Amino acid sequence: MEKIVKIKELENVTHDVLRIATEKPAGLTYSPGQAVDIAINNPDWKKEIRTFTFTSLPDDDYVEFTIKTYTSHNGVTNQLRSLKVGDELALYDVYGSIAYKGEGIFLAGGAGITPFLAILRSLEKQGKTGGNKLIFANRTKADIIRENTFKKMLGNNFINVLSDEKSPGYEYGYISAELIKKHIDEHTKYFYVCGPDPMMVAMEKHLSNLGISFDFIVKEAF
Ligand SMILES: Cc1cc2nc3c(=O)[nH]c(=O)nc-3n(C[C@H](O)[C@H](O)[C@H](O)COP(=O)(O)OP(=O)(O)OC[C@H]3O[C@@H](n4cnc5c(N)ncnc54)[C@H](O)[C@@H]3O)c2cc1C
């Protein structure tokens, strides 16, 4: 069912990522890791529906999205950049295949971090971040979404991998099977994977090569 909400806050998280906070519609329920279909509520854009993950928590009295915008073409995310506080979004179905099952390693690429941001925020709130680890792949440091938040939550269990920038304290290249293997320990039961298609394909191959059963992989392609 359509729920119209007003934008309450709109700010930059990185050079191309927006944080949009809206009113929370009555009756909305979701679990950390889930997403919702969204349209901009104006006549020109209403038919263009895209999916974004809640990065707020179900108990929050607002709804938050963390959205990577593509300014190279006039799609929905580019259009979101021109919205202002008070403009409206239409929310539709809630869904998503990523949910927390237990400790493990989160493997994220770019905006694929958003379900993990929600899940890890929820675990932090419950004091249950435990031995979870996050391996986060980006092009450069400037592309890392919520770096300080994850550092604070996870400390040394937060590993950054940069493909286009060499920097001390950051792994260089793509997430490899070796890197994943290095971080497997007694806490590792599940592997959570989210990112663009090529990254998903690579991660599934690495996990298969490491002998990880499909039963322990939780994934969603962006
Ligand atoms: C379950 C789920 C949850 C998601 N959650 C999030 C989230 O929380 N945050 C988030 O940022 N994203 C999320 N996504 C991805 C998000 O839905 C898409 O990035 C978004 O729909 C893009 O919309 P768009 O209209 O701007 O681009 P689209 O027009 O839909 O294009 C998408 C892709 O194609 C490229 N592209 C298409 N046409 C052109 C063109 N002419 N020139 C250049 N490039 C082009 C874009 O660069 C982009 O990579 C999620 C996806 C799924 C499936």
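Residues numbered from 1 in each chain as written. Predicted model: local features only at pLDDT ≥ 70, side-chain atom pairs only at ≥ 80, totals over all residues.

## A word on the overall build of the protein chain
A tally of helices and strands in the protein chain yields five helices and 12 strands. What you see for the protein chain is a C-alpha radius of gyration of 17 Å, in line with the 17 Å of a compact globule of 222 residues. Viewed in the frame of its principal axes, the protein chain has a C-alpha envelope of about 50 × 35 × 30 Å. When burial is assessed residue by residue, the protein chain has 32% of its 222 residues classed as buried. (Helix = DSSP H or I, 4+ residues; strand = E, 2+ residues; numbered from the N terminus. Rg over C-alpha atoms; globule rule 2.2 N^0.38 Å. Buried ≥ 20, exposed ≤ 12 C-beta atoms within 10 Å, placed from the backbone.)

## Some remarks on the nonpolar core
For soluble globular proteins, the rule of thumb is that nonpolar side chains tend to be buried together. One finds Leu107, Ala108, Phe116, Leu134, Ile135 and Tyr192 to be the most contacted residues of the largest nonpolar core, which totals 46 residues. Among the elements that line this core, the one with the most residues is helix 2 (residues 114-125), at five residues. Inspection of this core shows a minimum of three residues originating in each of domain 1 (3-95) and domain 2 (104-221). The contacts of Leu134, once residues within four sequence positions are left out, are Phe106, Ala108, Phe116, Phe150, Leu154, Asn157, Phe158 and Ile159. (Core = buried A, V, L, I, M, F, W, Y, C linked by C-beta atoms within 7 Å. Domains from an automatic or database assignment. Contact = placed C-beta atoms within 7 Å.)

## Here we look at the sheet that holds strand 7 (residues 104-109)
Sheet strands pair via backbone hydrogen bonds, and the direction of the pair is either parallel or antiparallel. Taken in spatial order, the six strands of this open sheet run 10-9-8-7-11-12, and their pairing is parallel. Of all strands in the sheet, those with a lone pairing partner are strand 10 (171-172) and strand 12 (217-221), marking the two edges. Bridge analysis of strand 11 (residues 190-195) against strand 12 gives five bridges, and the strand direction is parallel. Residue Cys194 lies in a different strand from strand 12, and its bridge partner there is Glu220. (Pairing = 2+ DSSP bridges.)

## A few points about the domain arrangement of the protein chain
By the assigned domains, the protein chain splits into domain 1 (3-95) and domain 2 (104-221). At the junction of the two partners, domain 1 supplies 12 residues and domain 2 supplies 14 residues. Taken together, the residues of the side of domain 1 that touches domain 2 sort by class into five nonpolar, six polar and one charged. (Nonpolar A, V, L, I, M, F, W, Y, C, P; charged D, E, K, R; others polar.)

## Notes on the sheet that holds strand 1 (residues 3-12)
If you walk across this open sheet you meet the six strands as 4-3-6-1-2-5, and the pairing is antiparallel. Because the sheet does not close on itself, it has two edges, and the strands there are strand 4 (50-53) and strand 5 (62-68). The mean inter-strand angle of the sheet, taken between neighbouring strand axes irrespective of direction, is 40°. Where strand 3 (residues 35-40) and strand 6 (residues 88-95) come together, five bridges link them in antiparallel fashion. Counted as the bridge partner of Ile40 is Leu89 from strand 6. (Axes fitted to C-alpha atoms, helices over the stretch in contact; angles between N-to-C directions.)

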